[in-house]
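Analysis of the macromolecular model
Take a look at the letters that make up each chain.
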Amino acid sequence: MEMLTIGAFAKACRLSPKALRLYDELELLRPARVDPESGYRYYAPEQLEQARLVAWLRRLGMPLARIREVCALEPASAATEIRAYWARVEAETAARRDLAAFLVDHLSQVPRKDTTMLELRYAALSDTGLVRPANQDTAYAGTRVLAVADGFGPAGAPASTAAVEALKFLDAEPLPAGSVLNLLEDAVQGATQAVQDVTQDPKEDGTTLTAMLWTGSQLALVHIGDSRAYLLRDGSLFQITHDHTMVQSMIDEGRLTLEEAMAHPQRALLLKALTGAGPATAPDVRLHDALPGDRYLLCSDGLSGVVPDSDIQETLTTIPSPEQAVRALVIAANNSGGPDNVSCVVADVVTTESR
């Protein structure tokens, strides 16, 4: 069988000899023969296809460990894995793009010339639902803090309560300019410790947490789990949090469609939450500029899991007061079977003159 020297093989597959030697050491692409005396590597022509695949996957940025897995698969399965990998890259890139856009806006922000004063008008409501024997949700709306927590496990109720209680001090805390996100992250660390103090089984007990901190012109968001935050602006509804669930990660990777996810048996399995186990999990944090007329909704999955976004949008659009809106949303969840506890916080951004 005609063999190619490492130099000829490198030129043909567009991998450097140095890379080929590394892939040999990693057992990713072994040479067909190694000279026992000189140690010189030789490759068979039929290895070129695999070598080119490795080169292409490296150009995609795929880690070597995952390339090894892909190369061991049949072509159709390998294609599925590559599609899933690239979907995840795109999702991560989108998240970094949002962060970059925020930093650009934040660092180039020109002080507002107008002196319009903004404030929040808010309401919170939590309900047991029609199926669960007890309510493990906690909903809170205060002068600055808006929060929803969805507890789980035998100590789910005290866990959700502890997480929200740990944030309430921010209602009266002086807000240092330029470090609101840091302040909120520190508060979540306190919430994590509070949850650990009340949980009984670190592997079973915990809570989600979605909260916002009002600064007077912006809302700082912190999120972990599958409770959600929505923004209604100019009649359009936007989900501004990303579910930390196994099913959502499979959607992001292209492994599931939205329709398949609705019926998936593990759709409630969380990838992130505040629990009594291990180190604190890093939450998502973002800063949102507020505009007069904005309406924010924080809710547990007892609402978002059973009431379509289109119905939520209609309710938020047509019902004027936050108090009436939270009641209508809870009623909608219960009219859809009420299979879970349901909690809602609705907050309107208004000018002081409109009160």
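Relevant structure appears above.
Quick summary incoming for the structure in this document. (Residues numbered from 1 in each chain as written. Predicted model: local features only at pLDDT ≥ 70, side-chain atom pairs only at ≥ 80, totals over all residues. Heavy atoms only, no water.)

**Some points on the pairing of strand S9 (residues 218–224)**
Look at any regular strand and the pattern is simple: side chains alternate between the two faces of the sheet. Heads up, the rule is: Exposure is judged per residue with a 1.4 Å probe applied to protein chains only, and the accessible area is read against the type maximum: over 50% gives exposed, under 20% gives buried, and values in between give partly exposed. The helix and strand labels rest on DSSP assignments: H or I over at least four residues marks a helix, E over at least two residues marks a strand, and numbering proceeds from the N terminus. DSSP-based pairing: two strands are paired if at least 2 bridges between them are found.
With seven of seven residues buried, S9 lies mostly within the body of the structure. Side chains of S9 alternate between two faces, with Gln218, Ala220, Val222 and Ile224 and Leu219, Leu221 and His223 buried alike. Both strand S8 (residues 209–214) and S9 contribute to a ladder of six bridges, which runs antiparallel. Paired with Leu213 across the bridge in S9 is Ala220. Once S8 ends, the chain turns through three residues before running back antiparallel as S9, passing Gly216 with a positive phi of about 110°.

**What about the environment of Asp35?**
Quick reminder of the rule: Every residue pair with non-hydrogen atoms within 4.5 Å of one another is taken to be in contact. Think of a polar contact as two N or O atoms within 3.5 Å of one another; within protein, one of them needs to be a possible hydrogen donor and the other a possible acceptor, and neighboring residues in sequence only count if both atoms come from side chains.
Mapped onto the elements of the fold, Asp35 is located in the loop between strand S2 (33–34) and strand S3 (41–43). In contact with Asp35, not counting residues within four places along its chain, are Tyr40 and Tyr42. A polar atom in the side chain of Asp35 sits 2.8 Å from the backbone nitrogen of Ser38.

**As for the packing of aromatic side chains**
Any two aromatic rings considered together are summarised by their centre-to-centre distance and by the angle between their planes. What counts here: Within 6.5 Å between ring centres, the rings of Phe, Tyr and Trp (the latter by its six-membered ring) count as paired, and their orientation is classed by plane angle as stacked under 30 degrees, edge-to-face over 60, tilted in between.
Here the structure, examined in full by the defined rule, presents two aromatic pairs. Pairing Phe9 with Tyr43 gives two aromatic rings, centres 4.3 Å apart and planes at 10°, and the pair type is stacked. Taken together, the residues Phe9 in helix H1 (residues 6–13) and Tyr43 in strand S3 connect sequence positions 34 residues apart. What makes Tyr43 buried here is its relative accessible area of 0%. When the centroid spacing of 5.6 Å and the interplanar angle of 65° are considered together, the rings of Tyr40 and Tyr42 count as edge-to-face. Judged by its relative accessible area of 38%, Tyr40 is partly exposed.

**Quick word on unusual backbone geometry**
Peptide bonds are mostly trans, and most non-glycine residues show a negative phi. Non-glycine residue Arg14 carries a positive phi angle of around 65°. You can call Arg14 exposed: its relative accessible area is 76%. Phi is positive for Asp234, which is not a glycine, with a value near 55°.

**Re H1**
As a reminder of what qualifies: Think of the arc as the fan of directions from the helix axis to the C-beta atoms.
Listed in full, the buried residues belonging to H1 are Ile6, Phe9, Ala10 and Cys13. Down the axis of H1, the smallest arc covering the buried residues is 100°, so these residues share one side. Of the residues flanking the end of H1, it is Arg14, one or two places downstream, whose phi is positive at about 65°.

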